[in-house]
Amino acid sequence: MEVLLARDYHQLSQMAARLVAAAIKEKPALTLGLATGATPLGLYRELVRLYQEGELDFSQVVTFNLDEYYGLFPDDPCSYHYYMETNFFQHVNLRRENIHLPPGRAEDVTATCAAYEAAIAAAGGIDLQVLGIGRNGHIGFNEPGAALNATTHLIDLAPETIRANARFFASINAVPRQAISMGMGSIMKARRILLLASGRDKAWAVAAALEGPVTTRVPASLLQLHPRVTVILDRAASRQLQGKANRDEGWPMCY
Ligand code: PGA
């Protein structure tokens, strides 16, 4: 696992954007896995800026988002469809047919989830998956538990996730209780993973994921088993890492 330390959120976003931009330059038809939430907002801002400056071309890029709240229509301002549209998609030259998100509603959830997995496979699998991390160590909406789902599935959100995400809704009661999320297998199959974490309220989850035992109780800890993960942290999110005393020598980058 490569761990890069950023001074602050702004620098984290710039570093993440540079990594994504380099991947697109190397492979213009990149299959890019995308995340939502507060953490990648700066990344999207930077990518839009690079596009506007003529540095990046998304015309061949294919995207798959990690998850969507179950029960929300795409035009609901709280949906991840809406988030992606307003924060990223409408500002770059991605082709509509290359954009994929799990639907917020489905007649047949099982078939819909299977179709999402099939679409990822048909696109050749995900080259680079961007991830945030929940305060409880979830990735996508794969919540801590005795077992984890491998593939895209409907999941009940953990109470702490509902509480954490209430800030994006009118009230906690408005937060959907379920979501469709890529599974741990879908995420682990990505050829490269970029995990971003910012802020002191992520410090516990970051330490548990990077330095704790590999356990379904901390879904992000499974990333220790992935061969190509880059983690970008700001200082606040790195506070509980035991390895921090050795940062200068032992960690790939220090700011
Ligand atoms: P956040 O969410 O970026 O809004 O903190 C991350 C997550 O819950 O995965």
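Since this is a predicted model, take the numbers as computed values, not measurements. (Residues numbered from 1 in each chain as written. Predicted model: local features only at pLDDT ≥ 70, side-chain atom pairs only at ≥ 80, totals over all residues. Heavy atoms only, no water.)

1. Here's the deal with the site of the ligand
- Around the ligand lies a shell formed by G37, A38, T39, G132, I133, G134, R135, H138, R167 and K202.
- In this structure, an oxygen atom belonging to the ligand sits 2.5 Å away from a side-chain N or O atom of T39.
- Note that an oxygen atom of the ligand is positioned 2.7 Å from one of the side-chain N or O atoms of H138.
- Coverage of the ligand by the protein chains reaches 90% of its 280 Å² of free accessible surface.
- Across the shell around the ligand, the residue classes tally to 2 nonpolar, 5 polar and 3 charged. (Near = heavy atom within 4 Å. Polar contact = N/O pair within 3.5 Å; in protein donor to acceptor, adjacent residues only side chain to side chain. Areas by Shrake-Rupley, 256 points an atom, 1.4 Å probe, with all protein chains shown as cover. Nonpolar A, V, L, I, M, F, W, Y, C, P; charged D, E, K, R; others polar.)

2. Things to note about the sheet that holds strand β5 (residues 99-100)
- If you trace the 7 strands from one edge of the open sheet to the other, you get β1-β10-β9-β6-β2-β3-β5, paired in parallel fashion. Lying at the two open borders of the sheet, with one neighbouring strand each, are β1 (2-6) and β5.
- Relative to strand β9 (residues 192-197), strand β6 (residues 128-131) runs parallel, the two sharing 4 bridges. Paired with L128 across the two strands is R192, which belongs to β9. (Pairing = 2+ DSSP bridges. Helix = DSSP H or I, 4+ residues; strand = E, 2+ residues; numbered from the N terminus.)

3. What to know about the pattern of salt bridges
- This structure, assessed with the given rule, holds 9 salt bridges.
- R192 is paired through a salt bridge with E2; the nearest N and O atoms lie 3.9 Å apart. With R192 in strand β9 and E2 in strand β1, the pair connects residues that are 190 residues apart, well separated along the chain.
- Taking the relative accessible area as the measure of exposure, R192 reaches 17% and is therefore buried.
- Note that R191 is salt-bridged to D127, the shortest N-O span being 2.8 Å. Highlighted residues: R191 in the loop between α6 (184-188) and β9 and D127 in the loop between α4 (109-122) and β6, separated in sequence by 64 residues. (Salt bridge = Lys/Arg side-chain N within 4 Å of Asp/Glu carboxyl O. Buried < 20%, exposed > 50% of the residue type's maximum accessible area, 1.4 Å probe, protein only.)

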